[in-house]
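# Fold and contact review
For reference, the chains in residue letters:
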Amino acid sequence: MAPLPAFDVIRRSATSMPAPTPGRSVEVAKLIDASRCIGCKACQSACIEWNDLKPEIGENVGVYDNPHDLTPNNFTLMRFAEWENPANGNLEWLIRKDGCMHCEDPGCLKACPAPGAIVQYSNGIVDFQKENCIGCGYCVKGCPFNIPRISQTEHKAFKCTLCSDRVAVGQIPACAKACPTNAITFGTKAEMIAHSEKRVKDLKSRGFDKAGLYNPPGVSGTHVMYVLHHADRPQLYAGLAENPRISPLVEVWKGVAKYAGLAVIGLSVAAGALHHMLAGANRVSPEDEANAEKLAGGPKT
Amino acid sequence: MTIEKSTGAPLKVHRYSGAARINHWITAISFVLLWLSGLALFHPSLYGLTALFGGGEMMRWLHPWIGVVLSISFLGLFLRFFTANLPERTDWKWLTSVRAVLSGHEENLPEVGKYNAGQKAVFWGMAVLIPVMLVSGIGLWDAGLVYVGATLGFKPTIDMQRWAALVHAAAGILTIVIWIVHVYAAIWVRGTISAMTEGKVTGGWAWRHHRKWLRKEVAEHKVGSNA
């Protein structure tokens, strides 16, 4: 693909002032076609290699998922689900490459308290900036997809970067480069939507009449999208969120609570200052002292 | 408890032991450090407060441990003071006489024991909110959760962690408001602060603000002269 324009930051975590508006550059997207995935894990290996990750050696507990979950050292994971289709009795092996979805409205960024620890570029990529991350884990609470992981050794948050370093120089992400079946493609978001339409049409002609594109509107769309044979039931794909959105709890916490909280504190201080100005100090009078002395009685010996 | 009465100087009444004062100041210092570091993460415009703690990462590490110190320290205060803070019939009269309280016309209020109803409200407010802060705080504390998971086998869901974040923030704001009331009252009611610095107040202060307590101290011969 042709090199995309160099990207600017359009959103920055925990930053009150509006970001400079460089104008939106071409939005990129990764399209993952679950119907073409053969579960070879080449994408996982390529991700580990490009990002120089060192995942721990795990333990085989008799499932294909390896490792068992996303980790700070493993940004993408093939999740394997077996499903018996009641319509035709077929056993379907639904494999989904899990990882950051690069939401257009990123919950992680909304929740992050450290200025500039999470940024969104004008091409849509959501990236963690390690040098600004304090390891608080708020991004984990903000994410509607349960993606970020906190390293217990580095105490920083990690997730898929959509190979922002590769994309910046006109390369496609490592996982897409490694995929042997073209299940992972990368390009502009418009191209990927157009490509998905062809794929969905093909799947429908093959009997998957509920095939469709997963580009959830609850987070204003994502820059990682899926083609699913059963787009009406994303839960089948190892629990892919049906209607992902930033949790209302996070919206309240990072929205109204922030302003209401500071206002309540400010008003309390102001009320104290005002009361002191109006009422004056509450002083003990000489009569109070005399009354106390009288109550206590004269000096004893 | 002793009184010191020398000619000219006002009568002094002992209010807090040295141990109680140390306990109070450990709690107070921890609380101030906690609200400074907590507010730093509460609003981006206050993130600069992290500099007081050696930066965001250091502060993120330190805040929960200060919380542990505060929780233990406050437990000490709770055990020391809860009997004196049990509600009485006259508290209601005190609470409903807002005008007399705010204007300092204590002659229109019932005589008060060691603590008035406002002080009791501060005490019980903190007694409820600090455990809430502790539990919700552990829910936000990565290292704490690893420990809880290893010892109790409990791992909160992400939604529980979201609740923890919201509850921690809301309870934190309330504790700060209570703290403002507490500090303001100590400043407004002159002569109060010596109770926590020297452990003593003047007889006049006790007569004016806590007459029932003063009568009890006198009756028990804890106040007289050179007792």
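As the structure is a prediction and not an experimental result, all values here were calculated from the model.

### Section: the interface of chain A and chain B
Facing the 48 residues of chain A at the interface are 49 residues of chain B. For the side of chain A that touches chain B, the elements supplying multiple residues, two or more each, are helix H3 (138–142), helix H7 (248–254), helix H8 (256–279) and helix H9 (286–296) of chain A. If you tally residues by element for the side of chain A that touches chain B, the top one is H8(A), at 12 residues. Residues of the side of chain A that touches chain B, tallied by class, amount to 24 nonpolar, 17 polar and seven charged.

### Details of the sheet that holds strand E6 (residues 126–128) of chain A
Residues and elements named next belong to chain A. Pairing is antiparallel in the open sheet, where three strands are placed in the order E1-E5-E6. Both outer strands of the open sheet, strand E1 (9–12) and E6, are each paired with one neighbouring strand and no more. Adjacent strand axes in the sheet meet at a mean angle of 30 degrees when their direction is disregarded. Note that strand E5 (residues 118–121) and E6 share three bridges and pair antiparallel.

### What about the confidence of the model for chain B?
Chain-level pLDDT for chain B is 93 on average; 95% of the residues reach the 70-or-more range. Per the prediction output, this complex has pTM 0.91; the corresponding ipTM is 0.91.

### Thoughts on the packing of H8(A) against helix H7 (residues 158–188) of chain B
Look at H8(A) against H7(B): their axes get within 10 Å of each other, and the N-to-C directions meet at 5 degrees. Classified by the angle between their axes, H8(A) and H7(B) sit roughly parallel to one another. Here A:Ala257, A:Gly261, A:Val264, A:Ile265, A:Ser268, A:Val269, A:Gly272 and A:His276 of H8(A) lie close against H7(B), whose contacting residues are B:Leu166, B:Ala169, B:Ala170, B:Ile173, B:Ile176, B:Val177, B:Ile180, B:Tyr184 and B:Trp188. Partitioning the contact of H8(A) with H7(B) into residue classes produces 13 nonpolar, four polar and no charged.

### Quick look at the pairing of E5(A)
Residues and elements named next belong to chain A. Here E5 shows no split at all, with Ile118 and Gln120 on one side and Val119 and Tyr121 on the other all buried. Alignment of E1 against E5, held across three bridges, turns out to be antiparallel. Looking at E5, one finds that Val9 is bridged to Tyr121. Between E5 and the antiparallel strand that follows it, E6, lie four residues; Gly124 among them carries a positive phi value of about 100 degrees.

### Observations regarding the nonpolar core
Generally speaking, nonpolar side chains in soluble globular proteins are found buried as a group. Core analysis: the biggest nonpolar cluster contains 94 residues, and A:Ala34, A:Cys108, A:Cys112, A:Ile118, A:Cys139 and A:Cys175 have the highest contact counts within it. Examining the composition of this core, we find that eight residues originate from one element, H7(B), more than from any other. Sequence-distant contacts of A:Ala34, that is, excluding residues within four places in its chain, are made with A:Leu94, A:Ile95, A:Arg96, A:Tyr226, A:Val227, A:Leu228, A:His229 and A:Tyr237. Grouped together as the second largest cluster of nonpolar side chains are 15 residues, A:Val284, A:Ala292, A:Ala296 and B:Trp205 included.

Here is what the cut-offs are and how they apply
Residues numbered from 1 in each chain as written. Chains lettered and ligands numbered in written order. Predicted model: local features only at pLDDT ≥ 70, side-chain atom pairs only at ≥ 80, totals over all residues. Contact = placed C-beta atoms within 7 Å. Helix = DSSP H or I, 4+ residues; strand = E, 2+ residues; numbered from the N terminus. Nonpolar A, V, L, I, M, F, W, Y, C, P; charged D, E, K, R; others polar. Pairing = 2+ DSSP bridges. Axes fitted to C-alpha atoms, helices over the stretch in contact; angles between N-to-C directions. pLDDT = per-residue confidence, 0-100. Parallel < 35°, antiparallel > 145°, perpendicular 65-115°, else oblique. Buried ≥ 20, exposed ≤ 12 C-beta atoms within 10 Å, placed from the backbone. Core = buried A, V, L, I, M, F, W, Y, C linked by C-beta atoms within 7 Å.

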